[in-house]
Amino acid sequence: MQITSEELEDDLPSKEERADTRLKEHGVAERNDEESVPEEREGDGQRNGEEAEQPDQTPVLSNKPRKKKKKRKMKKASAGEALEDNDLEDIDSLLEKIEDTNGILQETQSGVIVDSRPLLYVEHRNLNPENELKRYFGARAVLGDQRPRQRQRQYVRSTWLTVPKNTWPRYSKTGIAMQLVETRRGVQYFTFEHHREYQQVQFKFLDAVESMDPNNIVLLLQMNPYHVDSLLQLSDVCRMQEDQEMARDLIERVLYSLECAFHPVFSLTSGSCRLDYRRPENRAFFLALFKHLMFLEKRGCPRTALEFCKLILSLDPENDPLCVLLMIDFLSLRAREYTFLTRMFEEWESHRNLSQLPNFAFSVPLAYFFLSQQEEHSEMESSQTRERAARLIQLALIMFPSVLMPLLDHCSVQPDARVASHSFFGLNAQISQPPALNQLTSLYVGRTHSLWKDPAVMAWLETNVHEVLHLVDIRDPLVEECELKRKMRYQSAPRNIYRHVILSEMKEATAALPLEVTSQPVMGFDPLPPLDSIISYTRPERTNHPSNESTLSLFFRSLLPNFNLQGDIRHDGDDEAGAGQDLNQGVNRLMAAMRDMLANIQFQEPPRDDNPEGDGDWD
């Protein structure tokens, strides 16, 4: 499909400002007007761009076509605002057609459309929640009267992860940079670096935490409004105070600050760029992306949240430091991306054993069931899909019988007499399983139970539960084999699962965390840091601190004067539990103090420069 300059000119006058940026993503060149008229800026650039002509691909022999175009523009302008919604929807369909012609989707000889992109390929346009909201509610309902105000906004950089706001302090270089560490087998390894001035701010941040005076953190943000750890910490406090809007705004500011520091060759979409979570400088990016996708999911943008989840996984797919594999299935089902979930299971099962995670064991057959209900599939394809869904859900029920009863309880469904009285799905299934498996099943049930409430899903589940009970009664060898697997595996959960449970804040899973995790304070800017961290710079020793005490020990001592992290070995288990309880109370007091100081947060913007350097127009 070819897009002529005439079609583009017809569309340009009625598009919202962000349409320019979205077209750039798909290779439609629209910068010629800006380059030819450098003095045009935000407010005038859009208006002048409407009158400027896109360079034609073929020679123009006369001026008549040009006059006709102008007449058509006048008719469009006089038709009223009713056409703007349709024009914005046309942009979405236009971009989809451009993607198809760029070879992103390939058709096989059998006529089946196959996605030829990498599994973790990230699309820029899917990172913008406004695009998803427009599909649900229409462009006019989402944008409202934003366009007149946006024309007056300040000069900001063009970024993909978030849209800068007028209310934010003016951005200036923070002292964070990204470096390319090495390239191996086509994969590029990057790391963020803290320059000397940023290191000094980081030391002040740690001092502010130790001082137990929240005003010190406020003062730090007044002087350094884009210090990422301070923003992460305060975002958690806002969320605990149920100020979701400000909590989300602080996270978006973290993403904007870090994206402005990207290396020129760092790509969000390629899936071949890596960041090492063991380096403290990189953790803020992982955490900000995770917290952002949590806000997106709660906001009703599961497709956008799924794209951010894929982005996090692509940064370190082998180690998965935030264990997003435990939620990518849920986001896929909520976004109705069933094909992506089944494709991921088929491609990764052989080397990642995804079926040994309860969430994949149950969500993948549910995805196959939803696919079998789609009308566009033939009867034969639907039948094969239903058979595969039944086989997988029966295997999941045999492998993880402890999921069924809590799932039915969350869905307010009463099991029939045969299921309720059978010992296989009874209380013993929950009691006998290892603690690590209990965390995984509790997390899955608490997160995804709403997807199982559909009557058709429940009827399908009931049929397969009875099939499983039949296999149990005839003593099928598979039942005993799965029981042995449960006893041998899941003895202890890795640290990234604990980190995921803490960040997800699912009360069902948090209650199952072990004491060694719950007895230590978890700071929002670095929850459960890796034990093998790679430290690039160290904090200088403070003269008024004893040399034999660590920073963490001093922080705890400031909370609890009688607490000793390194010293006395306790012999009484009750004393250990009491110390953990006192420590949690101390951290709660710290959080309460931070909540109190939020009402007084006021950011002072640095002096504005009328002619900023290096800031491009945002369209």
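Counting of residues starts from 1 at the beginning of each chain's written sequence and follows it residue by residue. Under the rules for a predicted model, residues below a pLDDT of 70 receive no local features and side-chain atom pairs below 80 are neither given nor counted, while totals for whole chains, interfaces and linings still include all residues. Computation of side-chain values: all heavy atoms of the structure, hydrogens and water removed.

Peer 1: Lay out the overall build of the protein in plain terms, naming residues and giving numbers.
Peer 2: Secondary structure elements follow DSSP: runs of H or I no shorter than four residues count as helices, runs of E no shorter than two count as strands, and numbering proceeds from the N terminus. Secondary structure summary: the protein contains 30 helices and 5 strands in total. By definition in these notes, contact holds between two residues if any of their heavy atoms fall within 4.5 Å. Sequence separation of 24 or more characterises 74% of the internal contacts of the protein that already satisfy a separation of 6 or more. As displayed, the protein offers around 31200 Å² of accessible surface, 49% of which is attributable to carbon and sulfur atoms. Areas reported here follow the Shrake-Rupley algorithm with a probe of radius 1.4 Å; residue values treat only the protein chains shown as occluding.

Peer 1: Account for the pairing of strand E3 (residues 176–184), naming residues and giving values.
Peer 2: In the case of a regular strand, side chains alternate between the two sheet surfaces. Alignment of E3 against strand E4 (residues 187–194), held across 8 bridges, turns out to be antiparallel. Along E4, the bridge assignment pairs Glu182 with Tyr189. Strand pairing is defined by DSSP finding a minimum of two bridges between the two strands. Between E3 and E4, which pair antiparallel and follow one another directly, the connecting turn spans 2 residues, one of which, Arg185, has a positive phi of 50°.

Peer 1: Describe the sheet that holds E4, naming the residues involved and giving the relevant values.
Peer 2: The mixed open sheet is built from 3 strands, whose spatial order is E3-E4-E5. Bordering the open sheet on either side are E3 and strand E5 (273–275), each of which pairs with just one other strand. Pairwise comparison of adjacent strand axes, ignoring direction, gives a mean angle of 35° for this sheet. Pairing geometry for E4 and E5, over 3 bridges, is parallel. Fitting a line to C-alpha atoms yields each axis, with helices limited to the stretch in contact; the angle taken between N-to-C directions then spans 0 to 180 degrees.

Peer 1: For the packing of aromatic side chains, give the residues involved together with the corresponding values.
Peer 2: Pairing of aromatic side chains here covers Phe, Tyr and the six-membered ring of Trp, requires ring centres within 6.5 Å, and sorts the geometry by plane angle: under 30 degrees stacked, over 60 edge-to-face, intermediate tilted. Counting across every chain of the model gives 21 aromatic pairs. On the basis of an interplanar angle of 20° and a centroid distance of 4.8 Å, the ring pair of Phe369 and Trp460 is categorised as stacked. You can see Phe369 sitting in helix H18 (residues 358–372) and its partner Trp460 sitting in helix H24 (residues 455–473), a full 91 residues away along the chain. Connected via pairs of aromatic rings, a cluster forms that spans Tyr338, Phe362, Phe369, Phe370, Tyr444, Trp452 and Trp460. Over the ring of Tyr189 we find Arg184, and its NZ or CZ is 4.3 Å from the ring centre. Charge over a ring is defined by NZ of Lys or CZ of Arg lying within 6 Å of the ring centre and within 35 degrees of the ring normal. Against the face of Phe340 rests Lys310, its NZ or CZ located 5.2 Å from the ring centre.

Peer 1: Lay out helix H12 (residues 228–240) with the relevant residues and their values.
Peer 2: Given a helix with a known number of residues, its expected span is that number minus one, times 1.5 Å. Along its 13 residues, H12 runs 19 Å from first to last C-alpha, staying within 8% of the 18 Å computed at 1.5 Å per residue. Accessible area is worked out with a 1.4 Å probe on protein chains only. A residue is then buried under 20% of its type maximum, exposed over 50%, and partly exposed in between. Among the 13 residues that make up H12, 12 are buried, leaving the element largely enclosed by the rest of the structure. Among all positions in H12, only Val228, Asp229, Ser230, Leu231, Leu232, Gln233, Leu234, Ser235, Asp236, Val237, Cys238 and Arg239 are buried. Just beyond H12, the residue with positive phi is Glu242, at close to 65°.

Peer 1: Give a description of the environment of Tyr498 that names residues and reports values.
Peer 2: Within the secondary structure, Tyr498 is located in helix H26 (residues 495–504). In this structure Tyr498 comes out as buried when scored by relative accessible area, which is 11%. Sequence spacing of Tyr498 and Val517 is 19 residues, and the spatial spacing of their C-alpha atoms is 7.7 Å. Residues within four places of Tyr498 in sequence aside, it is in contact with Gln439, Ala493, Leu513, Pro514, Val517 and Leu528.

Peer 1: Quick rundown of the side chain of Arg274? Include the residues and the values.
Peer 2: For Arg274, the location among the structural elements is in strand E5. Here Asp and Glu are counted as negative and Lys and Arg as positive; His is not counted, and neither are the chain ends. Between Lys or Arg on one side and Asp or Glu on the other, a salt bridge is scored when a side-chain nitrogen of the former is within 4 Å of a carboxyl oxygen of the latter. One buried charged residue, Arg274, forms no salt bridge at all, with the nearest opposite charge on Asp316 at 5.9 Å. Distance and chemistry together define a polar contact, namely a pair of N or O atoms within 3.5 Å, with one atom able to donate a hydrogen and the other to accept it when in protein, and with adjacent residues in sequence counting only for side-chain atoms on both sides. In terms of polar contacts, Arg274 uses its side chain to reach the backbone carbonyl oxygen of Ser314, at 2.8 Å. With near-sequence residues (within four places) excluded, Arg274 lies in contact with Val187, Gln188, Tyr189, Phe190, Ser314, Leu315, Asp316 and Pro317.

Peer 1: Describe the confidence of the model for the protein, naming the residues involved and giving the relevant values.
Peer 2: For the protein, the mean per-residue pLDDT works out to 77, and 67% of the residues sit at or above 70. Across the protein, element-level confidence peaks in helix H16 (residues 328–334) with a mean pLDDT of 98 and bottoms out in helix H4 (residues 42–51) with 39. This model gives residues 558–577 a pLDDT under 50, and the stretch forms 25 contacts once residues within four places in sequence are excluded. In predicted models, pLDDT denotes the confidence assigned by the predictor to each residue on a 0 to 100 scale.

Peer 1: Can you tell me about helix H23 (residues 435–448), naming the residues and giving the values?
Peer 2: Because each turn of an α-helix spans 3.6 residues, side chains separated by three or four positions end up pointing in the same direction. Taking 1.5 Å as the rise per residue, H23 with 14 residues should run 20 Å; its terminal C-alpha atoms sit 20 Å apart, in good agreement. Counted residue by residue, H23 has 12 buried out of 14 residues, so it is predominantly covered. Every buried residue belonging to H23 is among Ala436, Leu437, Gln439, Leu440, Thr441, Ser442, Leu443, Tyr444, Val445, Gly446, Arg447 and Thr448, and all of these are buried. Considering only its buried residues, H23 is in contact with H16, H18, helix H20 (404–410), helix H25 (477–488), H26 and helix H27 (507–510).

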